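So the chains spell out like this:
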Amino acid sequence: AEETDLHGTLKDAGAPVVLSHIVLQNASVNVIREATRATSNILSTKSCQDEYIQCGGLFGLINVVSTMMDKQCNHHVAHALNIISFNAKSHSFITDGLIAVHLLMQSNDIV
């Protein structure tokens, strides 16, 4: 997912929706860590952003911050929110999750 040339193919294969479901429905920190990393990568493409927002994926990202204390997951979520914050469609989801955003801002572990 780090190569943006593949993002169109990943979007067509349903990757934004699959990743959002993995983040929401998985209990394994390792799986969530990789899903949040992949999510932050594919969100660098606008078409993937729109699909991720439409399927409710931002709720899952914000939920990760609120429920997990994993530094890597939080780093990936912070990166993803930074990228997607330029998309106006994301603003209502981000403002709904301001407590989680505040937690990220208070963390000394996020680079």
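Details of the structure are given in the entry above.
Throughout what follows, the structure given in this document is the object of discussion.

A few points about the overall build of the protein chain
- Summing up its helical and strand segments, the protein chain has eight helices and zero strands in all.
- Counting helices and strands in the order they occur from the N terminus, the protein chain gives α-α-α-α-α-α-α-α.
- When the 111 residues of the protein chain are sorted by exposure, 44% land in the buried category.
- Counting only contacts in the protein chain whose residues sit at least 6 apart along the sequence, the fraction spanning at least 24 positions is 69%.
- Here the protein chain displays about 6100 Å² of accessible surface, and carbon together with sulfur accounts for 56% of that area.

Concerning the nonpolar core
- If you look at the biggest cluster of nonpolar residues, it comprises 22 residues, and the most contacted ones within it are Leu43, Leu58, Leu61, Val64, Val77, Leu81 and Ile84.
- A total of six residues in this core trace back to one element, the largest contributor, which is helix H6 (residues 71-84).
- If near-sequence neighbours (up to four positions away) are discounted, Leu58 is found in contact with Tyr52, Ile53, Leu81, Ile84, Ser90 and Phe93.

Thoughts on the environment of Asp70
- Note that Asp70 resides in the loop between helix H5 (57-67) and H6.
- It is 8.3 Å that separates the C-alpha atoms of Asp70 and Arg33, two residues lying 37 residues apart in sequence.
- Setting aside its immediate chain neighbours within four residues, Asp70 contacts Val29 and Arg33.
- A polar contact is formed between the side chain of Asp70 and the backbone nitrogen of Gln72, at a distance of 3.3 Å.
- Of note is the side chain of Asp70, whose polar atom sits 2.8 Å from the backbone nitrogen of Cys73.

Description of the packing of helix H2 (residues 15-25) against helix H3 (residues 29-42)
- Remark: H2 packs on H3, axes separated minimally by 9 Å, with the N-to-C direction vectors making an angle of 145 degrees. Crossing handedness for the pair H2 and H3: left-handed. From H2, Ala15, Pro16, Leu19, Ile22 and Val23 reach across to H3, where they touch Val31, Ile32, Ala35, Thr36, Ala38, Thr39 and Ile42.
- Considered class by class, the residues forming the contact of H2 with H3 number ten nonpolar, two polar and no charged.

Examining the pattern of salt bridges
- Scanning the entire structure with this criterion turns up four salt bridges.
- As a salt-bridge pair, Asp70 and Arg33 come within 2.5 Å of each other at their nearest N and O atoms. Here the residue Asp70 occupies a position in the loop between H5 and H6, and Arg33 occupies one in helix H3, the gap between them amounting to 37 residues.
- When its relative accessible area of 18% is taken as the criterion, Arg33 is described as buried.

Calculation rules
For every chain, the first residue of its written sequence is number 1, and the numbers climb from 1 along that sequence. This being a predicted model, a pLDDT of at least 70 is required before a residue's local features are given, and a value of 80 or more before pairs of side-chain atoms are given or counted; all residues contribute to the totals for chains, interfaces and linings. Derived side-chain values reflect all non-hydrogen atoms in the structure, with water molecules and hydrogen atoms excluded from consideration. Helical segments are the DSSP runs of H or I of at least four residues, strand segments are the runs of E of at least two, and each set is numbered from the N terminus. The buried label applies to any residue whose accessible area, calculated with a 1.4 Å probe on protein chains only, is under 20% of its type's maximum; exposed applies above 50%, and partly exposed to all values in between. Any two residues whose heavy atoms approach within 4.5 Å at even a single point are treated as in contact. Only the protein chains shown count as cover for residues, and all accessible areas are computed by the Shrake-Rupley method using a 1.4 Å probe. Nine residue types can take part in a nonpolar core, namely buried Ala, Val, Leu, Ile, Met, Phe, Trp, Tyr and Cys, and a core is a set of them joined through side-chain atoms within 4.5 Å. In protein, a polar contact means a hydrogen-donor-capable atom and an acceptor-capable atom, both N or O and within 3.5 Å, with residues adjacent in sequence counting only if both atoms are side-chain atoms; elsewhere, any N or O pair within 3.5 Å suffices. The axes used here are C-alpha line fits, helices contributing only the stretch in contact, and every angle between their N-to-C directions lies in the interval 0 to 180 degrees. Working rule for handedness: look at the near helix, and if it is turned counterclockwise from the far one by less than a right angle, call the crossing left-handed; if clockwise, right-handed. Note that Gly is not counted as nonpolar here; it falls among the polar residues with everything else outside the nonpolar set of Ala, Val, Leu, Ile, Met, Phe, Trp, Tyr, Cys and Pro and the charged set of Asp, Glu, Lys and Arg. We define a salt bridge as a contact between a side-chain nitrogen of Lys or Arg and a carboxyl oxygen of Asp or Glu at a distance within 4 Å.

The values reported here are purely geometric and, on their own, carry no functional implication.
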